[in-house]
Amino acid sequence: MNMLVDGEWRTDAYESTNDDGEFDRQETSFRNWVEADPDAEFPAESGRYHLYVSYACPWAHRTLVTRALRGLEDVVSVDVVDPYRAEDGWQFTPGKDGTTPDSQNGFDYLREAYVKADPEFTGRVTVPVLWDKERETIVNNESEEVMRMLDTAFDEFANDATLYPEGKRDEIDETIDAIYEPINNGVYRAGFAGSQDAYENAVSELFDALDHWEEVLADQRYLCGDALTEADVCLFTTLVRFDDVYHTHFKCNVRKIAEYPNLWNYLKELYQLPGVSETVRMDHIREHYYRTHPDINPKRIVAVGPNHDFEADHDRDRIAGGPPRELAGLSAD
Ligand SMILES: N[C@@H](CCC(=O)N[C@@H](CS)C(=O)NCC(=O)O)C(=O)O
């Protein structure tokens, strides 16, 4: 695998599975916070912060969905890397459909932004990255924290559709934690497993968790009750990729999401919220996964199905609750 070591790009640097063949996800390293306080080190301001993302990445996708749901498109800018991550890591390939140049630094590779932020940086070069245009540095590259900052620090510039309402915060945090290991990271633990046991454990935990949430969603609108929250954003970005890539490429093939009536309708409802469909680029998702992991898919052939219609009607209005008023009135198209 490829990473930076003391600011130098290395292609032979680390093992991502442990001795039992289990996938180990590394900790991210830039952990500063944007705050709604003009005296903070990183104060929330319109036009000051920038996201580097890949449309392929479920972690980066959380930040894009939050930005869309809070109406922050004109407040926080975005650049999009090439979905295909080759030897040199995430790359800017303007001209390829759906990608952008690096509008902030003019770099060819995302790793250059990491080195600019820390010339001695050691670690993986991951998306998402929240970049501060004023200090010219990385604020944070941990998706859960970037999502939280977009949702809570920018209220002055955002709509009122908070995804982290007071009174629900503990439950939201607990739910985000509860779905992380078996579901969000579980698909990776299955896909990158280096042993049969590690794979089977991951898959069985994954489908137990999906079965559980399928039941919860039978008579509850969202993961934490009547109101849409950050926990739903976190589940959404895994569910929307599931049948196209995790089911086949990561061998998570006990069931498809489309075979779970409640999860499937819930997924369609979230997809149809204003601004969300624009954040879903299935071409980038497919290309990234099928081409970027040659140890799993050596011929790099990109699977073409299943072409779900996420715009099809959903049945979630049968359950109490619904999207926040700010979003309910807007049409998805
Ligand atoms: N914990 C991080 C994980 C981010 C992450 O692993 N992103 C992947 C893309 S899906 C990445 O950039 N991987 C590059 C690499 O590992 O070299 C977060 O949630 O932000």
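Residues numbered from 1 in each chain as written. Predicted model: local features only at pLDDT ≥ 70, side-chain atom pairs only at ≥ 80, totals over all residues. Heavy atoms only, no water.

- For the protein chain, the name recorded in an unreviewed UniProt entry is Glutathione S-transferase, with Halococcus hamelinensis 100A6 as its organism.

Overview of the UniProt feature "active site" (unreviewed entry) in the protein chain
- Look at the UniProt record and you will see "active site" (unreviewed entry) annotated at C57 and Y188. Of the residues just listed, which span 132 residues, no C-alpha pair is farther apart than 11.8 Å, and they cluster in one region.
- Residue position: C57 is located in the loop between β3 (49–53) and α1 (58–69).
- Exposure remark for C57: the relative accessible area of 8% places this residue in the buried category.
- Position of Y188 relative to the elements: it lies in helix α5 (residues 186–191).
- Overall, the relative accessible area of 8% leaves Y188 in the buried class. (UniProt positions renumbered as here; feature names shortened; annotations may be inferred. Helix = DSSP H or I, 4+ residues; strand = E, 2+ residues; numbered from the N terminus. Buried < 20%, exposed > 50% of the residue type's maximum accessible area, 1.4 Å probe, protein only.)

Brief notes about the environment of F107
- Within the element layout of this structure, F107 appears in the loop between β4 (77–80) and α2 (111–117).
- Once the C-alpha coordinates of F107 and F92 are considered, the two residues, 15 residues apart in sequence, prove to be 7.4 Å apart.

Section: the pairing of β3
- Counting buried positions along β3 yields five of five residues, so the element is predominantly enclosed.
- Here β3 shows no split at all, with Y49, L51 and V53 on one side and H50 and Y52 on the other all buried.
- Pairing of β3 with strand β5 (residues 129–132), which is carried by four bridges, proceeds in the antiparallel orientation. Within β5, the residue paired with Y49 across the bridge is D132.
- Handedness of the crossover is the feature at issue here: the chain leaves β3, passes through α1, returns alongside β4, and the resulting connection is right-handed. (Pairing = 2+ DSSP bridges. Right-handed = clockwise from strand over helix to strand, strands pointing away.)

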